[in-house]
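The lines below spell out each chain.
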Amino acid sequence: PDGRYAEPIGNAPVIDTETPYSRALDCLRPAVAAALAAPAPRLAVGRIQDFTGKFDEYSGFKVTQGAALMAVSALARIGLPQVERLDRSVAEAELQLANQNLVGDGAGGLRLIRAASIPGSDYHLLGGVTELNYNIRSTAGDLFVSAGGVGGQVYVMDVALDLRLVRTETLEVVDVVSYRKQIVGRELSAGVFEFFGETLLDVSVGERALEPLQLAVRAMIERAVGDMARRLFGLEPGTC
């Protein structure tokens, strides 16, 4: 009757998306605010693409296609003024409707189209995820004693990011960062087996864990944005 056939399992709360560098960006916010000149420079985020070429027909892209959105969130953590350049579809539709006198201003009048009403960006951020290297190191081991055994495997992969900060008016590249991060995965297993007459009892347990790849991309972006902000506003390298 209420339209629900099953009660979903799990009750994990919605939490903030954080990396080991998020607290540093929060710490930078007041320092950057104190260093901002009037008028404050405005930043825009352009395309930060996946250049790894890693794709398969079963699981799709291996690397997040939302790196640019992560950069927008990182800039917002520092409190830097931003202008939208990633998705202008709604703004352009509103402009087209206003040009046809179809959009009101909320007070019964027409929305006017004013020249120079959209602020421009002073700097914009571009780049991409440029490397995804599988299994750059792996180790494995197994031990069997009598009717039982244990085993384990550890493997390491890495991902790399290249970003550049461009002065919009002159297209000068004013800053470049190139970072990489290793990602570790592990697998543990244990089991026992025993014969009872003609019956075999085999019990095994295992655990497998992989550090999140997409969270590693977010961490690199947050570190890159923090380092660029320090240099852009003349802060000490060790600030936060």
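Above this text sits the structure in question.
Residues numbered from 1 in each chain as written. Predicted model: local features only at pLDDT ≥ 70, side-chain atom pairs only at ≥ 80, totals over all residues. Heavy atoms only, no water.

Draft legend 1. Fine view of the overall build of the protein. A count of helices and strands for the protein gives 4 helices and 7 strands. Its C-alpha atoms give the protein a radius of gyration of 26 Å, clearly above 18 Å, the size a compact globule of 240 residues would have. A principal-axis box enclosing the C-alpha atoms of the protein has dimensions of 90 × 60 × 35 Å. Sequence separation of at least 24 residues holds for 70% of the intrachain contacts in the protein that already meet a minimum separation of 6. Accessible surface computed for the protein: about 15800 Å², of which carbon and sulfur atoms make up 55%. Each charge class in the protein was averaged separately, 23 positive and 30 negative side chains, and the resulting centres sit 8 Å apart. (Helix = DSSP H or I, 4+ residues; strand = E, 2+ residues; numbered from the N terminus. Rg over C-alpha atoms; globule rule 2.2 N^0.38 Å. Contact = heavy atoms within 4.5 Å. Areas by Shrake-Rupley, 256 points an atom, 1.4 Å probe, with all protein chains shown as cover. Lys, Arg positive; Asp, Glu negative; His and termini not counted. Charge placed at Lys NZ, Arg CZ, Asp CG, Glu CD.)

Draft legend 2. Quick peek at the state of the cysteines. Across all of its chains, the model carries 1 disulfide by this definition. The disulfide partner of cysteine 27 is cysteine 240, and the gap between their sulfur atoms is 2.0 Å. In this structure, the disulfide formed by cysteine 27 and cysteine 240 twists by about -70° around the S-S bond and is classed as left-handed. Here cysteine 27 is found in helix H1 (residues 22-35), whereas its partner cysteine 240 is found in the segment after helix H4 (213-232), with 213 residues between them in sequence. Judged by relative accessible area, which is 37%, cysteine 27 ranks as partly exposed. (Disulfide = S-S within 2.5 Å. Buried < 20%, exposed > 50% of the residue type's maximum accessible area, 1.4 Å probe, protein only.)

Draft legend 3. Here's a closer look at the side chain of aspartate 175. Mapped onto the fold, aspartate 175 is located in strand E6 (residues 172-196). A polar contact is formed between the side chain of aspartate 175 and the side chain of arginine 231, at a distance of 2.8 Å. Beyond its immediate chain neighbours, meaning those up to four positions away, aspartate 175 contacts Leu163, Arg164, Leu165, Met228 and Arg231. (Polar contact = N/O pair within 3.5 Å; in protein donor to acceptor, adjacent residues only side chain to side chain.)

Draft legend 4. Representation of the pattern of salt bridges in the model. Per the stated rule, a full pass over the model turns up 15 salt bridges. A salt bridge links glutamate 7 to arginine 4; its shortest N-O distance comes to 3.1 Å. What makes arginine 4 exposed here is its relative accessible area of 51%. Between aspartate 227 and arginine 223 there is a salt bridge, with its nearest N and O atoms 3.3 Å apart. A residue pair is termed a helical-turn pair when its members lie 3 or 4 positions apart in one helix, as aspartate 227 and arginine 223 do in helix H4 at 4 residues. (Salt bridge = Lys/Arg side-chain N within 4 Å of Asp/Glu carboxyl O.)

Draft legend 5. Layout of the layout of surface pockets. Within this model, the largest pocket holds a volume of roughly 380 Å³. Around the largest pocket, the lining comprises 15 residues; the ones closest to its centre are Ala91, Glu92, Leu95, Ser117 and Ile118. Its residues assigned to classes, the lining of the largest pocket shows 6 nonpolar, 1 polar and 8 charged. (1 Å grid on protein atoms, 1.4 Å probe; cavity = no way out; pocket = protein on both sides within 12 Å on 5 of 7 lines; lining within 4 Å. Points joined across faces, edges and corners; volume = space filled by probe spheres on them. Nonpolar A, V, L, I, M, F, W, Y, C, P; charged D, E, K, R; others polar.)

Draft legend 6. Structural context of the packing of aromatic side chains. All chains considered together, the criterion is met by 1 aromatic pair. Lying across the ring of tyrosine 179, arginine 223 places its NZ or CZ 4.6 Å from the centre. (Phe/Tyr/Trp six-rings, centres within 6.5 Å; stacked < 30°, edge-to-face > 60°. Lys NZ or Arg CZ within 6 Å of the ring centre and 35° of its normal.)

Draft legend 7. Seen up close, empty space enclosed by the protein. Evaluation of the coordinates by the stated rule reveals 1 cavity of 30 Å³ or more. Approximately 60 Å³ is the volume attributed to the largest cavity. For the largest cavity, the full set of lining residues is Leu43, Leu75, Leu80, Leu125, Leu165, Val225, Met228, Ala229, Leu232 and Phe233. Residue composition of the lining of the largest cavity, by class: 10 nonpolar, no polar and no charged.

Draft legend 8. Broad picture of the environment of serine 117. Of note, serine 117 is situated in the loop between helix H3 (89-99) and strand E4 (123-145). With relative accessibility at 52%, the residue serine 117 sits in the exposed group. Reaching out from serine 117, the side chain makes a polar contact with the backbone oxygen of arginine 114 at a distance of 3.1 Å.

Draft legend 9. Structural context of the environment of threonine 239. Looking at the element boundaries, threonine 239 is found in the segment after H4. In sequence terms threonine 239 and valine 159 are 80 residues apart; their C-alpha atoms lie 26 Å from each other. Sequence-distant contacts of threonine 239, that is, excluding residues within four places in its chain, are made with Leu28, Ala31 and Arg230.

Draft legend 10. Region of the structure containing the packing of H1 against H4. Viewed as axis vectors pointing N to C, H1 and H4 meet at an angle of 25°, and their least axial separation amounts to 9 Å. On the basis of their axis angle, the class for H1 and H4 is roughly parallel. In terms of crossing hand, the pair formed by H1 and H4 is left-handed. Residues Ser22, Ala24, Leu25 and Leu28 of H1 lie in contact with H4, whose contacting residues are Glu222, Gly226 and Arg230. Of the residues belonging to the contact of H1 with H4, the class tally is 3 nonpolar, 2 polar and 2 charged. (Axes fitted to C-alpha atoms, helices over the stretch in contact; angles between N-to-C directions. Parallel < 35°, antiparallel > 145°, perpendicular 65-115°, else oblique. Left-handed = near helix turned anticlockwise from the far one by under 90°.)

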